[in-house]
Structures are given as C-alpha cells and as structure tokens.
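Below, each chain spelled out in residue letters.
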Amino acid sequence: MFISQTNSTNDWLKQHPECDAVWTTWQTAGRGQAGNSWESEQGKNVLMSLRFLKPSVVAEEQFRMTMAVSLGVQHVVAKLLPEEQVTIKWPNDIYVGDRKICGILIESTLADGQVAEAIAGIGLNVNQTAWQAGAPNPVSVKQLTGKDYDLPAVYDALCEAVNAQMALLSKPETLKEHYISVLYRFGQKALYARRAVSLTPSRVLTTMPDNAFEGTITDVTEQGELIINNTKYHFKEIQFVV
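What counts as what
- Residues numbered from 1 in each chain as written.
- Predicted model: local features only at pLDDT ≥ 70, side-chain atom pairs only at ≥ 80, totals over all residues.
- Heavy atoms only, no water.
- Helix = DSSP H or I, 4+ residues; strand = E, 2+ residues; numbered from the N terminus.
- Buried < 20%, exposed > 50% of the residue type's maximum accessible area, 1.4 Å probe, protein only.
- Contact = heavy atoms within 4.5 Å.
- Areas by Shrake-Rupley, 256 points an atom, 1.4 Å probe, with all protein chains shown as cover.
- Pairing = 2+ DSSP bridges.
- Axes fitted to C-alpha atoms, helices over the stretch in contact; angles between N-to-C directions.
- Phe/Tyr/Trp six-rings, centres within 6.5 Å; stacked < 30°, edge-to-face > 60°.
- Lys NZ or Arg CZ within 6 Å of the ring centre and 35° of its normal.
- Polar contact = N/O pair within 3.5 Å; in protein donor to acceptor, adjacent residues only side chain to side chain.

Brief notes about the overall build of the chain
Next, step 1: Scanning the chain from terminus to terminus reveals five helices and 12 strands.
Next, step 2: Each of the 242 residues in the chain was classed as buried or not, and the buried ones make up 49%.
Next, step 3: Considering only contacts within the chain whose residues lie at least 6 apart along the sequence, 58% involve residues at least 24 apart.
Next, step 4: Accessible surface computed for the chain: about 11700 Å², of which carbon and sulfur atoms make up 48%.

Structure follows, in structure tokens:
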C-alpha cells in the first residue's frame, strides 16, 4: 500500500493491523537503530515497512530475521548497482564501498518465547543527491549512476527479495553463509573503536576513538554478536572507524 506521507512507516503499520506492507516517499519522523533519526528528501526515496506474523523464530533466534531482511535489500541494491561493491555493515546497514545507502529497523513483539510479529522498516536512498543533517557518509543510487529510478518498481523488488529471504528462516546455515559472504570488512584488518552503551533504552553513551584498535571480523554468532579478534561485541558496542 502506498501512502503519501506518514511520521514513520513502522508506526503506521503498527496502527493498521489489516495491512502487511506500506511505503511512502515522505516520512516526517523516520527512525533508525537505537533512537537515531532517518533523513530523507520528500519524493526521492523508498521508505517502507513489511509485517511478518508468527515467523517461526524464538526470541534467541531473532538475528535470523536481521540476516534475511538485510540480504533481501542487499540483493536489490546489488542489481541496481552491478559495478559497485554492495555489502551489509553489521548488523543490517547496506553499504556501497564505505558509504551508507540503506538503513533497516526491525521491531518485534514476543509471546511465550516466540516472535509473534516482526515489522521491518527499510529506508533506501534512491534519487536523493544532497543531505542536510550532517550524516557522515550517505550515498544514493542516483549519485552513483546519474540516473533517476522508478520508485514503485524499486519497492516491488524489495518486497519480493525480502520475502524470498524470510522464507529461509528455517535454514539458518544458508542465511549465515550468504550473510558472511557479503559482510562489510569480513576477514579484513580495519580500525574499530569501543563504545559504552545503555541497553534499556538502547543508545550509545560514549565512543572512545582514542582507543581505536586494529581488528579483523571473523564471525557472527547465532545471537548476532560480532566477533573481532576473538572478542564478542553486542549491538552498538563497537564503532567502525571509516
């Protein structure tokens, strides 16, 4: 379903249980991970949310959904940009080179230890070419190709690709193999900085760039922890120094 504008597609979908998918080109209060905002120029990008009821995932397996949704988006972006290196920056940002082209926010509700419902919000930079809020490294499809894209067609492609990956939730080994194969910086030495975080609510308290260290990503656990130099890091506990 297309709507002309909303504060947040995730919030809109929560308020309309009869609908399983919604998209817009104008969000007045888009949200990202850990309370971050999401900037998008009106009429330029695909801002969407998909609902998944009873996805057959227990609470401890929620990272499977993160892998599935991010892989679906990565596949679409890679098709739009066949000459570029399109990767997933842990846990679920989509990167082209060292620049962010898409953000994903998955919100779940639990019942009896199972995921009863998951809503996946996706914000993909398509035709926007300038940002005002000082985001450090945004990029869009149009910036890289010089072309304008049909937004409804991009939305349809994202729906199809994400649903195809969500159908693989019962095959976590397959999801992880594909996820690792397109994981940003996997197996490469790079700089990272530790962060102090609050879990309730989830937010970054401080970043310690003076303590940046060189490390190599070697794995991701079933619970979604990133392993760098044999140390596990939870969401937001590590900053990628770009």
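More follows now that the structure is in view.
Observations regarding the sheet that holds strand β2 (residues 46-53)
Next, step 1: Read from one edge to the other, the open sheet built from six strands follows the order β1-β2-β6-β5-β4-β3, with strand pairing classed as antiparallel. The outermost strands of the open sheet, each flanked by one partner alone, are β1 (21-24) and β3 (86-89). Averaged over all pairs of adjacent strands, the angle between strand axes in this sheet comes to 20°, irrespective of strand direction.
Next, step 2: Across four bridges, the pairing between β1 and β2 is antiparallel. Within the sheet, the bridge partner assigned to Trp 23 lies in β2 and is Met 48.
Next, step 3: Contacts from helix α2 (residues 63-80) reach β3, β4 (93-96), β5 (99-111) and β6 (114-124), with the element oriented near 150° to β5.
Next, step 4: Across the face of the sheet, helix α4 (residues 151-166) comes into contact with β1, β2 and β6 while running at roughly 30° to β2.

A few points about the packing of aromatic side chains
Next, step 1: All told, the structure shown has eight aromatic pairs when counted by the stated rule.
Next, step 2: Their ring planes at 35° and their centres at 5.9 Å tell us that Tyr 184 and Phe 240 sit as a pair that is tilted. Note that Tyr 184 is positioned in the loop between α5 (172-181) and β7 (189-199) and Phe 240 in strand β12 (residues 238-240), a separation of 56 residues in sequence.
Next, step 3: Under the relative-accessibility criterion, Tyr 184 is labelled buried at 5%.
Next, step 4: Across the ring face of Tyr 192, the terminal group of Arg 185 is positioned such that the distance to the ring centre comes to 5.4 Å.
Next, step 5: When the ring centre of Phe 213 is taken as origin, the NZ or CZ atom of Arg 194, which lies over that ring, is 4.4 Å away.

Comments concerning the environment of Tyr 95
Next, step 1: Within the secondary structure, Tyr 95 is located in strand β4.
Next, step 2: Judged by its relative accessible area of 4%, Tyr 95 is buried.
Next, step 3: When the C-alpha atoms of Tyr 95 and Val 139 are compared, they prove to be 8.7 Å apart, with 44 residues separating the residues in sequence.
Next, step 4: Excluding residues that lie within four positions of it along the chain, Tyr 95 makes contacts with Gln 85, Val 86, Thr 87, Lys 89, Lys 100, Asn 137 and Tyr 184.
Next, step 5: Only 3.0 Å separates the side chain of Tyr 95 from the side chain of Asn 137, close enough to count as a polar contact.

Digging into the side chain of Asn 127
Next, step 1: Summarising the element assignment, Asn 127 is placed in the loop between β6 and α3 (141-145).
Next, step 2: The residues touching Asn 127, leaving out its near neighbours within four places in the chain, are Lys 44, Asn 45, Lys 142, Lys 147, Asp 148, Tyr 149 and Leu 151.

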